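Summary of structural features
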Amino acid sequence: MTNRMNSERKTAIIVGVLFIIGTVSGFLASGFLGPIQAGSTYPLNVDASETQWIIGTLLILLMALSLAMTPVLLYPIFRKHNEVLAFGSVLFRGVLEQVTQILVVISFFLLLTVSEIYGKTGAADASNFQTLGSMLIAAGYWIPVIGGIVFSVGTLMMFALFYQTRLIPRWLSGWGLIGAVLYPIAYIVSMFSPLHLQPEIGVGIGLLLVPTAIQEMVFAAWLIVKGFNSSAIASLSTKTDMNREGGRP
């Protein structure tokens with residue numbers, strides 16, 4: 001039992017650290033990519049800041065991969081309570097959300113390629129390259145909108161499991177559920193907006209993203225400092241042992 005508790009404690013710490021890595025990577029990616037995207041000749045100016053652009057794009061990939069690992073690590077614990085919801089959280093937050101993030105990464109690398117080809121070809125075909133770049137930029141707007149909705153579904157499943165199992169305090173898991181309900185509203189509104197721009201956190205409709213952003217950091221800190229509720233872990237382990245015994249011939 002002690003070894004099992006130690007294992008769950010390590011899992012809690014790793015999940016908390018991965019959440020922080022994902023969040024920090026996302027903010028750093030914006031810091032690297034934002035100034036380039038704000039340029040008057042964007043996206044044809046991307047190759048002028050090639051290294052900066054690649055670093056920012058790789059940070060998006062790091063964010064995606066670190067966050068994809070969290071439902072995978074939580075699955076062995078969650079499946080003891082509800083295997084369907086546990087699998088759903090892995091599917092939506094561990095797989096589908098990351099597919100959208102990887103598509104964004106690909107579109108950003110293609111923007112770099114378009115800018116490099118434009119630099120070699122010259123200004124004669126500028127309009128064609130601008131059109132192609134605009135299509136890739138549009139993909140970079142639409143894909144995260146879909147990703148935001150997918151993320152919300154996975155988050156609902158994950159924090160529903162936390163709420164039911166009491167692995168973390170119910171005020172914290174309830175906060176996560178409320179945030180997951182508000183989160184997709186911002187993306188759906190953006191979907192129907194004239195420019196279809198993805199919501200910016202803390203600005204306009206992006207204010208609906210704030211509860212989730214803050215909750216995830218509080219959640220990560222809680223896991224690192226407090227870990228999972230030991231009595232809840234013991235209860236889940238007892239339930240699993242009873243199920244195994246009940247399945248014996």
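Above: the structure in question.
Counting restarts for each chain: residues are numbered from 1 in the order of the written sequence. For a predicted model such as this one, the threshold for reporting local features is a pLDDT of at least 70, and the threshold for listing and counting side-chain atom pairs is 80 or more; totals across whole chains, interfaces and linings nevertheless cover every residue. Only heavy atoms go into the side-chain values, all of them from the structure, while hydrogens and water stay out.

Examining the overall build of the protein chain
Just so we agree on the cut-off: Numbering goes from the N terminus for both helices and strands, where a helix is a DSSP run of H or I of at least four residues and a strand is a run of E of at least two. The contact criterion used is simple: two residues touch if any of their non-hydrogen atoms lie within 4.5 Å. Areas reported as accessible are Shrake-Rupley estimates using a 1.4 Å probe. Residue values count occlusion only from the protein chains shown. His is not counted here, nor are the chain ends, while Lys and Arg score as positive and Asp and Glu score as negative. Just so you know, the charge point we use is NZ for Lys, CZ for Arg, CG for Asp and CD for Glu.
Tallying secondary structure elements over the protein chain gives seven helices and zero strands in all. In the protein chain, the order of α-helices and β-strands from amino to carboxyl end is α-α-α-α-α-α-α. The C-alpha extent of the protein chain, read off along each of the three principal axes, is 75 × 35 × 30 Å. A fraction of 76% describes how many contacts in the protein chain between residues 6 or more apart in sequence connect residues 24 or more apart. For the protein chain, the accessible surface area stands at approximately 12,300 Å², while carbon and sulfur atoms represent 69% of it. The protein chain carries 13 positive and 11 negative side-chain charges, and their two centres are separated by 20 Å.

Some words on the pattern of salt bridges
Put simply, the rule reads: Any Lys or Arg side-chain nitrogen located within 4 Å of an Asp or Glu carboxyl oxygen qualifies as a salt bridge. Three exposure classes are used, based on accessible area relative to the maximum for each residue type with a 1.4 Å probe and protein chains only: buried under 20%, partly exposed in between, and exposed over 50%.
Inspection of every chain in the model, using the stated rule, returns four salt bridges. The partner of Arg93 in a salt bridge is Glu97, with the nearest N and O atoms 3.7 Å apart. Note that Arg93 and Glu97 are positioned in helix 3 (residues 83–121) at a spacing of four residues, about one turn of the helix. A single burial state applies to Arg93 and to Glu97, both of which are buried. Notably, a salt bridge pairs Glu216 with Arg93, separated by 3.5 Å at the nearest N-O pair.

Points about helix 3
Note the cut-off: A helix's residues, less one, multiplied by 1.5 Å, set its expected span. The bend at a residue is defined as the angle formed between two axes, one fitted to the seven residues ending at that residue and one fitted to the seven starting there. Polar contact criterion, stated in full: a pair of N or O atoms within 3.5 Å, where within protein one must be able to donate a hydrogen and the other to accept it, and residues adjacent in sequence count only if both atoms are side-chain atoms.
Given a rise of 1.5 Å per residue, 39 residues ought to cover 57 Å, and the 55 Å separating the end C-alpha atoms of helix 3 matches this to within 8%. The largest bend in helix 3 is about 30 degrees, located at Gln98. Capping the start of helix 3, Asn82 holds a side-chain oxygen 3.1 Å from the backbone nitrogen of Val84, two or three residues further along.

Here's the deal with the packing of aromatic side chains
Rules: Side-chain rings of Phe, Tyr and Trp (the six-membered ring for Trp) are treated as a pair once their centres are within 6.5 Å; stacked means planes under 30 degrees apart, edge-to-face means over 60, and tilted covers the remaining angles. For a Lys NZ or an Arg CZ to count as sitting over a ring, it must be within 6 Å of the ring centre and within 35 degrees of the ring normal.
Under the definition given, this model contains twelve aromatic pairs. Site record: aromatic cluster; members linked through ring pairs are Phe19, Phe78, Phe159, Phe162, Phe219 and Phe228. When the ring centre of Tyr163 is taken as reference, the NZ or CZ atom of Arg170 above it lies at 4.2 Å.

Remarks on the nonpolar core
To keep it simple, the criterion reads: In this text, buried Ala, Val, Leu, Ile, Met, Phe, Trp, Tyr and Cys residues form a nonpolar core when linked through side-chain atoms within 4.5 Å.
Core analysis: the largest hydrophobic core is formed by 44 residues, its most contacted members being Trp53, Phe78, Phe162, Leu167, Ile168, Phe219 and Phe228. Elements with a minimum of two residues in this core: helix 1 (2–37), helix 2 (50–78), helix 3, helix 4 (126–165), helix 6 (210–225) and helix 7 (230–246). For this core, the element with the most residues is helix 4, which contributes nine residues. Beyond its immediate stretch of four places on either side in the chain, Trp53 contacts Leu33, Ile36, Gln37, Tyr42, Val46, Phe108, Phe109, Leu111 and Leu112. Phe151, Ala186, Tyr187 and Leu209 belong to the second largest nonpolar core, which has six residues in total.

A few points about the packing of helix 3 against helix 4
This is how it is decided: Helix axes use the C-alpha atoms of the stretch in contact, all axes being lines fitted to C-alpha atoms, and the angles between their N-to-C directions lie in the range 0 to 180 degrees. In this scheme, roughly parallel covers angles under 35 degrees and roughly antiparallel covers those over 145, while 65 to 115 is roughly perpendicular and the rest are oblique. Should the near helix be turned anticlockwise from the far one by less than a right angle, the crossing is left-handed, and should it be turned clockwise, the crossing is right-handed. Under the scheme applied, nonpolar residues are Ala, Val, Leu, Ile, Met, Phe, Trp, Tyr, Cys and Pro; charged residues are Asp, Glu, Lys and Arg; polar residues are all the others, including Gly.
In the contact formed by helix 3 and helix 4, the axes pass within 8 Å of each other and the chain directions differ by 165 degrees. Judged by the inter-axis angle, helix 3 sits roughly antiparallel to helix 4. Considering the relative orientation of helix 3 and helix 4, their crossing is left-handed. By residue class, the composition of the contact of helix 3 with helix 4 is 24 nonpolar, eleven polar and two charged.

Quick look at a nonpolar patch on the surface
Stated formally: Here a patch means residues that are over 30% exposed by relative accessible area and free of salt bridges, tied together within 9 Å if like-charged and within 5 Å if nonpolar (Val, Leu, Ile, Met, Phe, Trp, Tyr).
Together, Phe87, Leu91, Val95, Leu96, Val99, Ile102, Leu103, Ile106 and Leu110 give the surface a local cluster of nonpolar side chains, amounting to about 710 Å² of exposed area. Examined against the element boundaries, Leu91 turns out to sit in helix 3.

Details of the environment of Phe219
Within the element layout of this structure, Phe219 appears in helix 6. Classification of Phe219 by relative accessible area gives buried; the value is 0%. Once the C-alpha coordinates of Phe219 and Val15 are considered, the two residues, 204 residues apart in sequence, prove to be 9.7 Å apart. The contacts of Phe219, once residues within four sequence positions are left out, are Val15, Phe19, Phe159, Phe162, Ile168 and Leu172.

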